[in-house]
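Here is what each chain is made of, one letter per residue.
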Amino acid sequence: WVSTQRKVLLRGEMLADRKERLMEIGFEWVINDVLWRKKYEMYKDLKGLSSPSLPLPGGEKEDRDAAVAPSSSSSNDDDDDEERQQSLGSWVKQQRKQYRLYQSNEPSHLTPDRIELLNEVNFDWASKRVPWKVSYRDFQSFVAKYNTGRVPDTFHDKHLVQWVK
């Protein structure tokens, strides 16, 4: 029932009086807020903008280190860091997708408060993904110019360095 109420609200189909009555009893419209804030802290940490703690709903505080600390069960810190970065990368892509939905007045899990938090840390709303064809063309140019497909780590085009790895 609770999930249905959230979906009805997201679709814009909830009657105003029902929404008001649910709000009066403290109905929680946004689920996974703690997880979102942990990812937000991870993003801030990655950008070097960490704070010691971030208030959570209900006045609690979440320890920033708990959100970004490596799992003690992991045998390889590098693997754990890579996993966290992939997870964070997925989160960033999801924020961009939700923002596009929000801008189009479509149902979105991105709230104005979240948008404000992300704007405060200069979140980049535009994807910097380079199309495969462009990367391939750059690689062809590199091979033609240097007569090798081995792009050194010190090459000035860091995207090309990463693309060929």
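A brief structural summary. Nothing here was measured: the structure is a model prediction, and the numbers come from that model.

### Thoughts on the overall build of the protein chain
So, step 1. From N to C terminus, the protein chain includes 8 helices and 2 strands.
So, step 2. Reading the protein chain from its N end, one meets helices and strands in the order α-α-α-β-β-α-α-α-α-α.
So, step 3. Per-residue burial over the protein chain gives 27% buried out of 165 residues.
So, step 4. Of the contacts made within the protein chain by residues no fewer than 6 positions apart, 44% connect residues no fewer than 24 positions apart.

### Digging into helix α6 (residues 112-120)
So, step 1. Residues of α6 that are buried include every one of Arg-114, Ile-115, Leu-117 and Leu-118, and no others. Looking straight down α6, one finds its buried side chains confined to an arc of 160 degrees; they lie on one side. Across α6 from its buried face, at more than 90 degrees, point the exposed residues Pro-112, Asp-113 and Glu-120.
So, step 2. In the stretch just after α6, Asn-122 is the one whose phi turns positive, near 55 degrees.

### Topic: the side chain of Lys-39
So, step 1. Tracing the sequence through the fold places Lys-39 in helix α3 (residues 33-46).
So, step 2. Those residues in contact with Lys-39 that lie beyond four places of it in its chain are Ser-87, Leu-88 and Trp-91.

### Comments concerning the environment of Asn-122
So, step 1. By the element assignment, Asn-122 lies in the loop between α6 and α7 (132-146).
So, step 2. Between the alpha carbons of Asn-122 and Lys-44 there is a distance of 9.9 Å; along the sequence they are 78 residues apart.
So, step 3. Beyond its immediate stretch of four places on either side in the chain, Asn-122 contacts Tyr-43 and Lys-47.

### Some words on the pattern of salt bridges
So, step 1. One pass over the structure, following the stated rule, counts 4 salt bridges.
So, step 2. Between Glu-41 and Lys-44 there is a salt bridge, with the nearest N and O atoms lying 3.6 Å from each other. Residue Glu-41 and its partner Lys-44 are both found in helix α3; the two are separated by 3 residues, about one turn of the helix.
So, step 3. Given the relative accessible area of 9%, Lys-44 is considered buried.
So, step 4. When the shortest N-O distance is used, the salt bridge between Asp-153 and Lys-165 registers 3.4 Å. Of this pair, Asp-153 sits in the loop between α7 and α8 (158-164) while Lys-165 sits in the segment after α8, placing them 12 residues apart in sequence.
So, step 5. Residue classification places Asp-153 among the exposed positions, given a relative accessible area of 52%.

Conventions adopted
Residues numbered from 1 in each chain as written. Predicted model: local features only at pLDDT ≥ 70, side-chain atom pairs only at ≥ 80, totals over all residues. Heavy atoms only, no water. Helix = DSSP H or I, 4+ residues; strand = E, 2+ residues; numbered from the N terminus. Buried < 20%, exposed > 50% of the residue type's maximum accessible area, 1.4 Å probe, protein only. Contact = heavy atoms within 4.5 Å. Arc of directions from axis to C-beta. Salt bridge = Lys/Arg side-chain N within 4 Å of Asp/Glu carboxyl O.

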